[in-house]
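Listed below are the residues making up each chain.
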Amino acid sequence: MLALYHGANSVCSIKVRIVLKEKNLEWESRHVDLPKGEQFTPTYLAINPRAIVPVLNHDGILIYESSVICEYLDALSKYNQLLPKSSYDKAKTHVWGIYCLEYHDSVNTLTFSSYQRKMLLDKTPQELAARWAAMPDQIRAHKLKDLVERGASSNYVYVALERLARMCADVEAALGENSWLIGDNYSLADALLTAYFYRIECLGLNILWERRYPKTTSWYAQVKARESFSTATAPWLDEEAVRKISKVGKETFLAHTKFTDFL
Ligand SMILES: N[C@@H](CCC(=O)N[C@@H](CS)C(=O)NCC(=O)O)C(=O)O
């Protein structure tokens, strides 16, 4: 039995849901309400002391880290094998998986300096202090606190946009003459990256690739057209939250002259 601890709008959860669909695997949902702070409850901390999603439970075995979960799922069946066969292509896939840590951190920076910030600013200073104190990773807590206090003026935001602009340049270069990131077929690397592009698009920042990178623009249209994309997003997302993410994202970043290098 496969069960996924995941968040409705969580980027890393969307990534795993994409692979579950690509592999045509049956799974049970264990939804964790991140805005409500369910990741900090003793019950969830017993599953993941890092207080983050996703976590995969496979017959009682727990697997952590979204890119690792995706590769684990791929190995469960021969159907639609996503990890390429050659050692070189496997190595390239693993490099994308490692880069995903940076992409996640950068996308998370954008979300926390805009939409999440707006939500968290409704809390009292005491509630906010309790939230930062509850986070097992205090370096991350320090960063999120800065983002909520400073919004788009936080230095973290500029660095995040710089890294995401580099992600787009890297994808454009990797595509070369191909339609997919690695060779002629859709593979794990394409699945790993899709959700980050999706969140950037939700924030109204798709101009990061649409203005400069035609191959990346076609690639993203292709991954979005797959059934796995709609299955991993539409039924799970809180539509109202997605509308707000988009509205606040545009207000926060597009009006900011400091970001004209990227946008
Ligand atoms: N590197 C981890 C990152 C996981 C992560 O940070 N997940 C976010 C949601 S996308 C989370 O659970 N956040 C909890 C919080 O913000 O308190 C992965 O790829 O699985």
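This structure is a prediction, so every number in the text was calculated from the model and none was measured. (Residues numbered from 1 in each chain as written. Predicted model: local features only at pLDDT ≥ 70, side-chain atom pairs only at ≥ 80, totals over all residues. Heavy atoms only, no water.)

**Here we look at the sheet that holds strand 2 (residues 28–31)**
Here is step 1 of the chain: Taken in spatial order, the four strands of this open sheet run 2-1-3-4, and their pairing is mixed. Lying at the two open borders of the sheet, with one neighbouring strand each, are strand 2 and strand 4 (61–64). On average, each strand axis in the sheet is inclined to that of its neighbour by 25°, with strand direction left out of account.
Here is step 2 of the chain: As judged from the four bridges shared by strand 3 (residues 55–58) and strand 4, these two strands associate in the antiparallel manner. The partner of Val55 across the bridge, within strand 4, is Tyr64. (Pairing = 2+ DSSP bridges. Helix = DSSP H or I, 4+ residues; strand = E, 2+ residues; numbered from the N terminus. Axes fitted to C-alpha atoms, helices over the stretch in contact; angles between N-to-C directions.)

**A few points about the site of the ligand**
Here is step 1 of the chain: Among the 15 residues in the neighbourhood of the ligand, the closest are listed as Gln39, Val53, Glu65, Ser66 and His104.
Here is step 2 of the chain: Residue Glu65 places a side-chain N or O atom 2.7 Å away from a nitrogen atom belonging to the ligand.
Here is step 3 of the chain: Take Ser66: an N or O atom from its side chain is 2.6 Å from an oxygen atom of the ligand.
Here is step 4 of the chain: Protein coverage of the free-state accessible area of the ligand, which is 520 Å², stands at 90%. (Near = heavy atom within 4 Å. Polar contact = N/O pair within 3.5 Å; in protein donor to acceptor, adjacent residues only side chain to side chain. Areas by Shrake-Rupley, 256 points an atom, 1.4 Å probe, with all protein chains shown as cover.)

**Considering the side chain of Ser67**
Here is step 1 of the chain: Relative to the helices and strands, Ser67 is located in helix 3 (residues 66–76).
Here is step 2 of the chain: In contact with Ser67, not counting residues within four places along its chain, are Lys15, Gly97, Cys100 and Leu192. (Contact = heavy atoms within 4.5 Å.)

**Structural notes on the domain arrangement of the chain**
Here is step 1 of the chain: Domain parsing of the chain yields domain 1 (2–76) and domain 2 (87–259).
Here is step 2 of the chain: If you average the C-alpha positions of domain 1 and of domain 2, the two centres end up 18 Å apart.
Here is step 3 of the chain: Each partner contributes residues to the interface: domain 1 has 27 residues there, and domain 2 has 32 residues.
Here is step 4 of the chain: In this assembly, domain 1 packs against domain 2 so that about 2,400 Å² is buried in total across both faces, 67% of it on carbon and sulfur atoms.
Here is step 5 of the chain: Among the residues of domain 1 in contact with domain 2, Asn9, Val11 and Ile18 are the three that bury the most area, contributing 25% of the side total.
Here is step 6 of the chain: When the shortest N-O distance is used, the salt bridge between Glu22 and Arg226 registers 2.8 Å.
Here is step 7 of the chain: Summed over the shared surface of domain 1 and domain 2, the number is seven residue pairs in polar contact (both at pLDDT 80 or more).
Here is step 8 of the chain: Going through the elements one at a time, helix 1 (11–22) and helix 3 are the ones with two or more residues in the side of domain 1 that touches domain 2. (Domains from an automatic or database assignment. Buried area = accessible area lost by both parts, 1.4 Å probe. Salt bridge = Lys/Arg side-chain N within 4 Å of Asp/Glu carboxyl O.)

**Brief notes about the environment of Asp59**
Here is step 1 of the chain: Its location among the elements puts Asp59 in the loop between strand 3 and strand 4.
Here is step 2 of the chain: When the C-alpha positions of Asp59 and Leu2 are compared, they lie 6.6 Å apart, and in sequence the two are 57 residues distant.
Here is step 3 of the chain: Among the polar contacts made by the side chain of Asp59, one reaches the main-chain amide nitrogen of Met1 at a distance of 2.3 Å.

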